[in-house]
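One letter stands for each residue in the lines below.
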Amino acid sequence: MKHHANATNDAETSSTEKAEHAHHGAVLENIEHPFTHPYVHDLPPDPDAHLSEEERAKIDRKLLWKLDLTLIPWLCILYLLAFLDRTNIGNAKIDGLQKDLHQMSAGRYNATLSIFFVSYSVFEPLTNVLLKKLRPSIFIPIIMVAWGLCMTFMGFVENWSGLMAARWFLGLAEAGLFPGINYYLSCWYKRSEFGVRAAIFFSAAAVSGSFGGLLAAAITKMKGVGGKPGWAWIFILEGLATVIFGFASLWFVHDFPDEATFLSDQDRARVIRRLKMDQQSSAEHEEFKKEYLWAALKDYKMWLGMVIYMGCDMPLYAFSLFLPSIINQMGYSSTRAQLLSVPPYAAAAILTVTIGFIADRTRQRGLCNICVSMLGIAGFAMLLGSQTPGVKYAGTFLGALGIYPCISNTISWTSNNIEGVYKRGIVLGFVIGWGNLNGIVSSNIYRDPPKYVPGHATVMAYMIVCLLGGSIALHLLLRRENSLRRAGKRDHWVEGMSYQETEKLGDKRPDFMYTL
């Protein structure tokens, strides 16, 4: 790739920048990702060119802290609300939802769970394109207000048909949040920084599980207020909270780096420079073309990512929808079951952030998936093999620990290895959409209480074959591809190309090293 060494922008690059590039290369030669920067071009002027390395590092840390405080807390609250709103039906069930809606059968109840995942999954791949076109500060408030209203109206349904309609529109409105926010964060952070942020964001799901149990136990005390049962108030109050936060998001959700108003011109230049130096074009404007869709569909990483994600996402929904019922079947009362569902979620939230931190530091996301999945497999084996309440409760802990960290880690792993603004958005949409489509499976397998053999066995099979097996396969394939690129056996892909043409190759560039 010698013909790329003398980039036209080198003449404009300060001697300080060259020293920085050389320093980067020297450090990274010794670790898994020996990045060089032969294709970095069109960098905005460096506002810190006159500063020492120590001063530049201090400014970079300050900038990263500013991004974290501005972006992450609000997004965590939004996802906490989203997960609360989609899984609170599990809490409503043990408070008498089925009995009050004309003795709804188990099959009909499962259908109300399933229909959410149909609309949620079908519309997910489209949402990242809409997010890019409409801007996050417009798109996210719109969908939040929409799903908050759907949730509120669920508290007023009087029959199964009404509940089905409300769940369908809830799935449609919520479809854009999870893939959208992961895509959005990947456009702000370097690949080595994204994992722990995605983990913190997703840990809001585990927090919502524990918070949801406590909240449901309190809200159901409102039974009889306004002539409504306790479970109806769960839907009404949590839905209204989402609507309020949706309107507030008009001010608290920011746009992409090239348009975000909270950045000064100097900070904007720093953000765009650090993304480009990380071989990302995510900070740039890019027009949607069909080629990006075809590039995503032809990429084996997307298909394996879908397999891995279904291996943790189906168990996630099975766990969060049925944990109150599983604990209830151990012989505990409704309120006690709500409260006992809190500790497994809390433990899962802590491990999710820990794994995100470890994976960012080691760049071994595949190995993290492999090790963590074994905890979940062991947990569901305990649930299958024992009827002792204490052992089963311990199994729910291991189950949560084995599922939750793998969700955010798989999304980070997929995002790290897909480059190109729209291609990454499309791939994340497909991966997350397919995973959520498997929520239909999770809605229909928990039968035959108190043992729930079909449910636990199906979850365990998904984790062994898809999560563990898929992670091993992708890890080995990416390791092989990195070896070929280091050996120069992919250099011919860029022969005769201009710098712009080379950058458009995204993760197909020979110098792009995959995160293992």
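See the structure shown above.
These numbers were taken from a predicted model, which means no experiment stands behind them.

K.L.:
Can you walk me through the overall build of the chain in this structure?
P.N.:
Within the chain one finds 20 helices and 0 strands. When the 516 residues of the chain are sorted by exposure, 61% land in the buried category. Summarising the internal contacts of the chain: among those between residues at least 6 apart in sequence, 83% fall at separations of at least 24. Total accessible area computed for the chain in this model is approximately 19,700 Å², and 65% of it derives from carbon and sulfur atoms.

K.L.:
Teacher, can you tell me more about the packing of aromatic side chains here?
P.N.:
Aromatic ring pairs are reported here in terms of the distance separating the ring centres and the angle at which the planes meet. Overall, the coordinates contain 23 aromatic pairs when judged by the stated rule. Relative to phenylalanine 117, the ring of phenylalanine 116 lies with its centre 5.2 Å away and its plane at 90°, an arrangement referred to as edge-to-face. Accessibility classification places phenylalanine 116 together with phenylalanine 117 in one group, the buried group. Three or more aromatic residues joined by ring pairs make a cluster, and in this case those are Tyr79, Phe83, Phe116, Phe117, Tyr120, Phe178, Phe201, Phe202, Tyr317, Phe319, Tyr345 and Tyr404. Over the face of the ring belonging to tryptophan 160 we find arginine 108, whose NZ or CZ atom lies 4.1 Å from the ring centre.

K.L.:
Could you clarify how one ought to interpret empty space enclosed by the protein in this entry?
P.N.:
To locate leftover empty space, one rolls a probe as large as a water molecule over the atoms. One pass over the full model with this rule turns up 4 cavities of 30 Å³ or more. Together, 13 residues line the largest cavity, and Thr87, Asn91, Gly209, Ser320 and Tyr345 are the ones closest to its centre. The set of elements that each furnish at least two residues to the lining of the largest cavity consists of α2 (53-93), α8 (191-219) and α12 (300-328). In the lining of the largest cavity, the residues fall into 4 nonpolar, 9 polar and no charged.

K.L.:
Any chance you could explain helix α7 (residues 177-186) here in plain terms?
P.N.:
Every α-helix carries 3.6 residues per turn, so stepping three or four residues along brings you back to the same face. Buried residues dominate α7, accounting for 10 of its 10 residues. The complete set of buried residues in α7 reads Leu177, Phe178, Pro179, Gly180, Ile181, Asn182, Tyr183, Tyr184, Leu185 and Ser186.

K.L.:
Please clarify how the packing of helix α4 (residues 106-134) against α12 should be interpreted in this entry.
P.N.:
Any two packed helices are characterised by how steeply their axes cross, that is the angle between the axes, and by the distance between the axes. Close contact between α4 and α12 brings their axes to 13 Å; oriented N to C, the two are set at 145°. Considering how the two elements wind past one another, α4 and α12 form a crossing that is right-handed. Between α4 and α12, the contacting residues are Asn110, Leu113, Phe117 and Tyr120 on the first element and Tyr317, Leu321 and Phe322 on the second. Among the residues forming the contact of α4 with α12, the class breakdown is 6 nonpolar, 1 polar and no charged.

K.L.:
Looking at this structure, I do not really get the pattern of salt bridges. What am I missing?
P.N.:
Where charged atoms of side chains with opposite charge meet at close range, the side chains can pair. The final tally for this structure, using the stated rule, is 19 salt bridges. Ionic pairing is found between arginine 86 and glutamate 174, a salt bridge with its closest N-O pair at 2.9 Å. In this pair, arginine 86 sits in helix α2 while glutamate 174 sits in helix α6 (residues 160-174), placing the two residues 88 residues apart along the sequence. You can call glutamate 174 buried: its relative accessible area is 0%. For glutamate 419, the salt bridge goes to arginine 424, with nearest N and O atoms at 2.8 Å. An identical accessibility class is assigned to glutamate 419 and arginine 424; each is buried. Through salt bridges that share partners, Asp48, Lys66, Asp267 and Arg270 make up one connected network.

K.L.:
What exactly am I supposed to notice about the side chain of threonine 414 here?
P.N.:
Relative to the helices and strands, threonine 414 resides in helix α16 (residues 389-416). In contact with threonine 414, other than residues within four places in its own chain, are Gly305, Val427, Leu428 and Val431.

K.L.:
So what exactly am I meant to see when it comes to the environment of tyrosine 462 here?
P.N.:
Along the chain, tyrosine 462 falls in helix α19 (residues 453-486). Taking C-alpha positions, tyrosine 462 is 4.9 Å from glycine 311, a pair spaced 151 residues apart along the chain. When sequence neighbours within four positions are dropped, the list of residues in contact with tyrosine 462 reads Met310, Gly311, Met314, Pro315, Asn438, Val441 and Leu467.

K.L.:
What's the story with the packing of helix α5 (residues 136-154) against helix α9 (residues 230-252) in this structure? I'm lost.
P.N.:
Between α5 and α9, the shortest axis-to-axis distance is 7 Å and the interhelical angle comes to 165°. When the axes of α5 and α9 are compared, the pair comes out roughly antiparallel. As α5 packs across α9, the resulting crossing turns out to be left-handed. The residue makeup of the contact of α5 with α9, split by class, is 15 nonpolar, 7 polar and 1 charged.

K.L.:
Is there a simple way to think about the nonpolar core in this case?
P.N.:
Proteins that are soluble and globular tend to have nonpolar side chains buried together. In this structure, Tyr79, Phe178, Trp188 and Tyr404 are the most contacted members of the largest nonpolar core, which totals 135 residues. Once residues within four sequence positions are removed from consideration, phenylalanine 178 is found in contact with Tyr79, Tyr120, Phe201, Phe202, Tyr309, Ile407, Ile411 and Ile432. Judged by nonpolar contacts, the second largest core, of 5 residues, contains Ala216, Ile219, Ile234 and Ile236.

K.L.:
Quick question: what am I supposed to make of unusual backbone geometry here?
P.N.:
One can expect most non-glycine residues to show negative phi and most peptide bonds to be in trans. Even without glycine at this site, histidine 102 takes up a positive phi of about 60°. On the secondary structure map, histidine 102 appears in the loop between α3 (97-100) and α4. The class of histidine 102 is exposed, set by a relative accessible area of 61%.

K.L.:
What should I look at first to understand a nonpolar patch on the surface in this one?
P.N.:
On the surface, a nonpolar cluster with roughly 320 Å² of combined accessible area is contributed by Leu130, Leu134, Ile138 and Ile142. For the nonpolar patch, the secondary structure elements donating two or more residues are α4 and α5. Inspection of the secondary structure assignment puts leucine 130 in helix α4.

K.L.:
Whenever I open this one, helix α10 (residues 265-277) confuses me. Can you help?
P.N.:
End to end, α10 covers 18 Å across 13 residues, agreeing with the expected 18 Å (1.5 Å per residue, within 8%). Counting buried positions over the 13 residues of α10 gives 11, a clear majority of the element. Turning to α10, its buried residues are Asp267, Arg268, Ala269, Arg270, Val271, Ile272, Arg273, Arg274, Leu275, Lys276 and Met277.

Cut-offs and rules
Residues numbered from 1 in each chain as written. Predicted model: local features only at pLDDT ≥ 70, side-chain atom pairs only at ≥ 80, totals over all residues. Heavy atoms only, no water. Helix = DSSP H or I, 4+ residues; strand = E, 2+ residues; numbered from the N terminus. Buried < 20%, exposed > 50% of the residue type's maximum accessible area, 1.4 Å probe, protein only. Contact = heavy atoms within 4.5 Å. Areas by Shrake-Rupley, 256 points an atom, 1.4 Å probe, with all protein chains shown as cover. Phe/Tyr/Trp six-rings, centres within 6.5 Å; stacked < 30°, edge-to-face > 60°. Lys NZ or Arg CZ within 6 Å of the ring centre and 35° of its normal. 1 Å grid on protein atoms, 1.4 Å probe; cavity = no way out; pocket = protein on both sides within 12 Å on 5 of 7 lines; lining within 4 Å. Points joined across faces, edges and corners; volume = space filled by probe spheres on them. Nonpolar A, V, L, I, M, F, W, Y, C, P; charged D, E, K, R; others polar. Axes fitted to C-alpha atoms, helices over the stretch in contact; angles between N-to-C directions. Left-handed = near helix turned anticlockwise from the far one by under 90°. Salt bridge = Lys/Arg side-chain N within 4 Å of Asp/Glu carboxyl O. Parallel < 35°, antiparallel > 145°, perpendicular 65-115°, else oblique. Core = buried A, V, L, I, M, F, W, Y, C linked by side-chain atoms within 4.5 Å. Patch = residues over 30% accessible without salt bridge, like charges linked within 9 Å, V, L, I, M, F, W, Y side chains within 5 Å. Expected span 1.5 Å × (residues − 1).

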